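Fold and geometry: a report
Listed below are the residues making up each chain.
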Amino acid sequence: MALEINLIFRRAFQLAAPSFVVCYVSEGTFFQDTGTTAQGYFVHVSDLPRILSWNPSHTHVVDWLQVRYSILGQFVPLYYLREPVAQSILGASMTYIDQRRHDNSLDTDLMSRARSFAQLYSSGPNSHFQFLAFQDFASLCVQRNIRLIVIQGNLNPIVDSFLPPEIRPRMENFLAELDASSDLITVVDAQQFTPDSGAVYSDLTHVDTATQHYFSTQFAEWLDKFPF
């Protein structure tokens, strides 16, 4: 999600200032109405005025319990070690219990799963909040003279067929405006790095290993020629 990209980058920037950043986005970055546990690790007190200015009270994308966990870790660094300690005592497999439960509950009918998955996507206050978070991330890159390369990706076409029709154009318009806003920002379509036959998907969001390799190779060649 765009909010998590924003938070993680701000923490990473404090450790090392990069000359360029590559970021892959899709409809899920802006329109998926689910949160992540990243908010439990990367929110700092200094982030709150900025986040509050984006009117999170009108959305459910900010998990305030996770935010409190993160702020607690900021003042009690040992708290950040809770998962490594738990893994050391109980074993690393404990970390994946929730993921296994999720995997086991998935519908084996891909079309049915895609229909359900698409219901998590909507265009409204949540997506507006995510656009503001990504815009803030891009603005920070420009302020710090960091080249930002945004790869405009997509989901499995099966999922796309069930999404509200306004979602894709809204993302494309936002990214086009972002690209035009600064010479330091470049938006490139992911489709130019996929096989001519089209990407083969292993699930609703990820392509298979062969396509991943092809994509990485093609993008690396493109990046090698990029006029930094």
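Overview of the structure.

Conventions and cut-offs
- Residues numbered from 1 in each chain as written.
- Predicted model: local features only at pLDDT ≥ 70, side-chain atom pairs only at ≥ 80, totals over all residues.
- Heavy atoms only, no water.
- Helix = DSSP H or I, 4+ residues; strand = E, 2+ residues; numbered from the N terminus.
- Rg over C-alpha atoms; globule rule 2.2 N^0.38 Å.
- Buried < 20%, exposed > 50% of the residue type's maximum accessible area, 1.4 Å probe, protein only.
- Contact = heavy atoms within 4.5 Å.
- Areas by Shrake-Rupley, 256 points an atom, 1.4 Å probe, with all protein chains shown as cover.
- Lys, Arg positive; Asp, Glu negative; His and termini not counted.
- Charge placed at Lys NZ, Arg CZ, Asp CG, Glu CD.
- Disulfide = S-S within 2.5 Å.
- Pairing = 2+ DSSP bridges.
- Core = buried A, V, L, I, M, F, W, Y, C linked by side-chain atoms within 4.5 Å.
- Axes fitted to C-alpha atoms, helices over the stretch in contact; angles between N-to-C directions.
- Parallel < 35°, antiparallel > 145°, perpendicular 65-115°, else oblique.
- Left-handed = near helix turned anticlockwise from the far one by under 90°.
- Nonpolar A, V, L, I, M, F, W, Y, C, P; charged D, E, K, R; others polar.

Concerning the overall build of the protein chain
Within the protein chain, the regular secondary structure consists of twelve helices and three strands. Rg of the C-alpha trace for the protein chain: 19 Å, near the compact-globule value of 17 Å for 228 residues, within the 12% margin. With the C-alpha coordinates aligned to their principal axes, the bounding extent of the protein chain is approximately 50 × 45 × 35 Å. Burial status across the protein chain gives 39% buried among its 228 residues. For the protein chain, the share of sequence-separated contacts (at least 6 apart) that also reach a separation of at least 24 residues comes to 82%. About 12700 Å² of surface is accessible on the protein chain, with carbon and sulfur atoms providing 57% of the total. With 14 positive and 23 negative side-chain charges, the protein chain shows a spacing of 8 Å between the two charge centroids.

Re the environment of Thr-217
Position of Thr-217 among the secondary structure elements: in helix H12 (residues 209-224). Put simply, Thr-217 and Leu-48 are 169 residues apart on the chain and 39 Å apart in space, counted from C-alpha to C-alpha.

With respect to the state of the cysteines
Per the stated rule, a full pass over the model turns up zero disulfides. Just so you know, Cys-23 is unpaired, no disulfide at all, and the nearest cysteine sulfur is the one on Cys-141, 8.6 Å from it. For Cys-23, a relative accessible area of 7% translates into the label buried. Overall, Cys-141 belongs to the buried group, its relative accessible area being 0%.

Remarks on the pairing of strand E1 (residues 20-25)
Judged by which residues are buried, E1 turns out to be one-sided: Val-21, Cys-23 and Val-25 face inward and are buried, whereas Phe-20, Val-22 and Tyr-24, on the alternate face, are not. Of the strand pairs in this sheet, E1 and strand E2 (residues 147-152) are connected by six bridges, and their pairing is parallel. In the strand pairing of E2, Val-25 is matched with Gln-152.

Things to note about the nonpolar core
With 43 residues, the main nonpolar core has Leu-3, Phe-9, Phe-30, Phe-134, Phe-137 and Leu-148 as its most contacted residues. Not counting chain neighbours up to four residues away, the residues in contact with Leu-3 comprise Gln-39, Ile-51, Trp-54, Val-61, Val-62, Phe-129, Gln-130 and Ala-133. With nine residues, the next largest nonpolar core counts Ile-149, Val-188, Phe-193 and Phe-226 among its residues.

A word on the packing of helix H1 (residues 2-15) against helix H9 (residues 125-143)
Two elements in contact, H1 and H9, have axes whose closest approach is 7 Å; the angle formed by their N-to-C orientations is 30°. With respect to each other, H1 and H9 are oriented roughly parallel. The handedness of the crossing between H1 and H9 comes out as left-handed. Here Ala-2, Leu-3, Ile-5, Asn-6, Phe-9 and Arg-10 of H1 lie close against H9, whose contacting residues are Phe-129, Gln-130, Ala-133, Phe-134, Asp-136, Phe-137, Leu-140 and Cys-141. Per-class residue counts for the contact of H1 with H9 are ten nonpolar, two polar and two charged.

Brief notes about the pairing of E2
Extensive coverage of E2 is indicated by the burial of six of its six residues. Burial along E2 is two-sided: Arg-147, Ile-149 and Ile-151 and Leu-148, Val-150 and Gln-152, pointing in opposite directions, are all buried. Sheet topology places E2 next to strand E3 (residues 185-189); five bridges connect them, and they run parallel. By the bridge assignment for E3, Ile-149 is matched with Thr-186.

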